[in-house]
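Topology and contacts: notes
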Amino acid sequence: MTEIAAVRTEHAPEALGPYSQAVVTGGWIFASGQIPIDPRTGSPVEGDVQDQTDRVLRNLAAVLAAAGGSLRTVVKTTVYLSDMALFADMNTVYARHFGNHRPARATVGVGALPKGVDVEIEAIARVA
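Rules used in this analysis
Residues numbered from 1 in each chain as written. Predicted model: local features only at pLDDT ≥ 70, side-chain atom pairs only at ≥ 80, totals over all residues. Heavy atoms only, no water. Pairing = 2+ DSSP bridges. Helix = DSSP H or I, 4+ residues; strand = E, 2+ residues; numbered from the N terminus. Right-handed = clockwise from strand over helix to strand, strands pointing away. Buried < 20%, exposed > 50% of the residue type's maximum accessible area, 1.4 Å probe, protein only. Contact = heavy atoms within 4.5 Å. Salt bridge = Lys/Arg side-chain N within 4 Å of Asp/Glu carboxyl O.

1. Considering the pairing of strand 4 (residues 74–81)
In this sheet, strand 6 (residues 119–126) lies alongside strand 4 in antiparallel orientation, the contact comprising 7 bridges. Its bridge partner lying in strand 6, Thr78 is registered against Glu122. In the sheet, strand 4 pairs with strand 5 (residues 104–109) via 6 bridges, with the strands oriented parallel. The residue of strand 5 that forms the bridge with Lys76 is Ala104. The handedness of the strand 4 to strand 5 crossover, carried by helix 2 (residues 87–98), is right-handed.

2. Observations regarding the environment of Val75
Looking at the secondary structure, you find Val75 in strand 4. Given a relative accessible area of 35%, Val75 falls into the partly exposed group. Here the alpha-carbon distance between Val75 and Asp118, two residues 43 residues apart in the chain, equals 23 Å. Once residues within four sequence positions are removed from consideration, Val75 is found in contact with Trp28, Pro103, Ala104, Ile124, Ala125 and Arg126.

3. Remarks on the pattern of salt bridges
Per the stated rule, a full pass over the model turns up 3 salt bridges. Where Arg8 meets Glu14, a salt bridge forms, and the shortest distance between an N and an O atom there is 2.6 Å. Residue classification places Arg8 among the exposed residues on the basis of a relative accessible area of 53%. Across the pair Arg58 and Asp54 runs a salt bridge whose closest N-O atoms are separated by 3.0 Å. Here the residue Arg58 and the residue Asp54 both occupy positions in helix 1 (residues 49–66), the gap between them amounting to 4 residues, near one helical turn. Take Arg58: its relative accessible area is 40%, and that puts it in the partly exposed class. Assessed through its relative accessible area of 22%, Asp54 is described here as partly exposed.

See below:
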């Protein structure tokens, strides 16, 4: 049986429940959804969806780095938005963080997200 290793880094927010920031198995990283929480304060960041998306992707990058990957090794993301009207603003920041790398992606509008934030992003990546 393939071993599953939990990932934890203080450079991203602690999990809000009984789950890991990410798990690594068989050369793959499965990163839990990140929301725009400042890992130093434990509080959601102030600002619009662009500010929130920036924090989310910095948190995600920290989790991936702790797992042996990076945003460049991401193969699939799922973006959850509190309102699909926020898509263009989220997408601008998302594109800036991923550069020319274009992982597969789904974007889903949801009724609510934890702590009342506007964006959450999860990812599947390869170990570098």
